[in-house]
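A structural walkthrough
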Amino acid sequence: MQTIYKIYFELLFDIPLALLLFRISENRQDKPVSYYTKLMYCLILFCISYFLNASLFSVILCFITLPLIYSLYVFPKNYRIALRNFFEFVIFYFIIYIIIVIVYTLLFNDQDITIISQQYSTYKSAIINLLTYIIYALTSNLVQINITKSIYILFFNAVVISISVILGYTTLSLNLWDSGSTILPVIFATIFVLIIICISLYNKFLSIIEENTNYRFKLELDKMEQEYYAKLDDKLKQLHSLRHDMKNHLIVIDGYASQHNDKKIHEYIHNISEDLSLTNAVDSGSHIVSALIAEKEDKAKSQNIRCEINISTPGINIDDFSITTIIGNLFDNAIKAASECEHGWIRFSLTQTGSYMNIVIQNSYSGNIIENNGEFTSTKNDKVLPHGIGIKNVRKVVSNLNGQIDFSYSSECFSVKAEIPNYN
């Protein structure tokens, strides 16, 4: 029976340690490690920790030699990444391990029993390993999915961490109360399964949220694109109608000209122009970007904001989500600022210089601007120009694309210039 307990304890200690290394390497290479590699690593780790029985040589093999060999095996063609993977594992593990040890030792005042009781020491180490893995899994997922602004994700994190800490605390308390209990391993096994299920549900929960976000984003883009093409179709019909009636229009204009009625000529031509001004065709090399710019231009003009659009680019090779986040937020902020002016205006340009795309948007604004930690506030109504969340998203997306963005302003003009790699 003691042999079974020893095997059980070693597995509880080794599995979280292995899962932590697997998670770190998978985050770095963006693909799962093969099950065969994971199984072999776990078997070797178990054999070392079981047969060498927590000796100094065992610690060196488990925490240094074996993770280093694993990292070199997983990243065989890039030793720099392999070493970064190894050092991230070692540094993160020992920092979190030491912090949790200090906290639990202060809570339980158990330094004496930890030295005396091998069973208690194993329980405590296994719990700390498990908490270390959970902390890394939660934080890495949060960074990777990039949805820290969601209160639901933060709440889920807090729940999982709280459950893990409480269950670990309860297990150690039971062990202190009855160190010879045989039912304790069953309790701890249940705790372990529950926490692993929580982590699995968490990952699934994040995947579902990401899929739903991408789906809603695609639906919005499709709707915007359909509306744009519908407007273009209306304009084409107007052009065909104008071409069909052009002869009659010219006869009418010629009649006014023969009467030297310049006023009537001006009114007649103005009426024809009004009929053709419903939609401006935008050619950016991307249907999505063209539809977005056309939609923002129509929105600005509906608020009596004068728009100047200049697009000169051979094509857009930036993903739809990133480019729409940048242009959409910048345009919305410009419209908001220009709408508060008596004669608001916006100038937008999208050009290509070498392998870089240049996005420049300038707009009028009223009031004075106060800059504070990268955010801009107008003294007219104390509103952010641009809005805090929107501009933070733009900065983050531009940074992820290895681009640069600059904000500047004069007494009458607010200007944003972004330079983003746009390789073929």
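Described below are features of the structure shown in this document. Starting from 1, residues in each chain are numbered consecutively following that chain's sequence as written. Totals for whole chains, interfaces and linings use all residues, but because this is a predicted model, local features are given only for residues with pLDDT of at least 70 and pairs of side-chain atoms are given and counted only at 80 or more. Hydrogens and water molecules were not included; the side-chain quantities draw on all heavy atoms of the structure.

A short note on the overall build of the protein chain
Keep this limit in mind: The helix count covers DSSP runs of H or I at least four residues long, the strand count covers runs of E at least two residues long, and both are numbered beginning at the N terminus. Relative accessible area decides the class of each residue, using a 1.4 Å probe on protein chains only: under 20% of the type maximum gives buried, over 50% gives exposed, and in between gives partly exposed. Two residues form a contact once any of their heavy atoms are found within 4.5 Å. Here the accessible surface of atoms and residues is derived via Shrake-Rupley with a 1.4 Å probe, and residues count as covered only by protein chains that are part of the display.
What the protein chain contains, in helices and strands, is 12 helices and 7 strands. A burial count over the protein chain gives 41% of its 424 residues as buried. Restricting the contact set of the protein chain to residue pairs at least 6 apart, pairs at least 24 apart contribute 67%. For the protein chain, the exposed surface amounts to about 24,100 Å²; the carbon and sulfur share of it is 60%.

So, the packing of aromatic side chains
Definition in use: Put simply, two rings from Phe, Tyr or Trp (the six-membered ring, in Trp's case) pair if the centres are within 6.5 Å, and we call them stacked under 30 degrees between planes, edge-to-face over 60, tilted for the rest.
A full pass over the atoms with the stated rule returns 16 aromatic pairs. Relative to phenylalanine 94, the ring of tyrosine 93 lies with its centre 5.3 Å away and its plane at 80 degrees, an arrangement referred to as edge-to-face. Judged by its relative accessible area of 3%, tyrosine 93 falls in the buried class. Residue class for phenylalanine 94 comes out partly exposed when judged on its relative accessible area of 33%. An aromatic cluster is present here, built from Phe13, Phe63, Phe89, Tyr93, Phe94 and Tyr97 joined pairwise through their rings.

Focus on the nonpolar core
Which entries qualify depends on this criterion: The set of buried Ala, Val, Leu, Ile, Met, Phe, Trp, Tyr and Cys residues whose side-chain atoms join them within 4.5 Å is what this entry labels a nonpolar core.
In terms of nonpolar packing, the biggest core is built from 47 residues, with Leu20, Tyr41, Tyr104 and Ile134 touching the most fellow members. Going through the elements one at a time, helix H1 (2-29), helix H2 (35-51), helix H3 (56-74), helix H4 (79-108), helix H6 (118-145), helix H7 (151-177) and helix H8 (184-258) are the ones with two or more residues in this core. Take this core: its biggest share by element is 12 residues, from H6. Sequence-distant contacts of tyrosine 104, that is, excluding residues within four places in its chain, are made with Asn109, Asp110, Lys124, Ile127, Ile128, Leu131, Val165, Gly168, Tyr169 and Leu172. Core analysis: the second largest hydrophobic core is formed by 34 residues, Ile327, Leu330, Ala334 and Met357 among them.

Some words on unusual backbone geometry
Of note, the phi angle at asparagine 304 is positive, near 60 degrees, even though the residue is not glycine. Considering the arrangement of structural elements, one finds asparagine 304 in the loop between helix H10 (287-302) and strand E1 (306-312). Of note in the backbone geometry, asparagine 402 takes a positive phi value of approximately 60 degrees without being a glycine. Checked against the element boundaries, asparagine 402 lands in the loop between helix H12 (388-400) and strand E6 (404-409).

Observations concerning the pairing of strand E2 (residues 345-353)
The following threshold applies: By definition, two strands form a pair when at least two bridges between them are found by DSSP. Looking down the strands as they point away from you, a crossover is right-handed if its path from the first strand over the helix to the second goes clockwise.
Across 7 bridges, the pairing between E1 and E2 is parallel. What sits directly across from glutamate 308, in E2, is arginine 347. Since E1 and E2 lie parallel, the crossover through helix H11 (residues 320-338) that links them has a hand, and here it is left-handed. Pairing of E2 with strand E3 (residues 356-364) involves 8 bridges; the strand directions are antiparallel. The residue bridging threonine 353 from the neighbouring strand is tyrosine 356, located in E3. Here E2 folds back onto E3, and the loop between the two strands holds 2 residues, one of which, glycine 354, carries a positive phi near 65 degrees.

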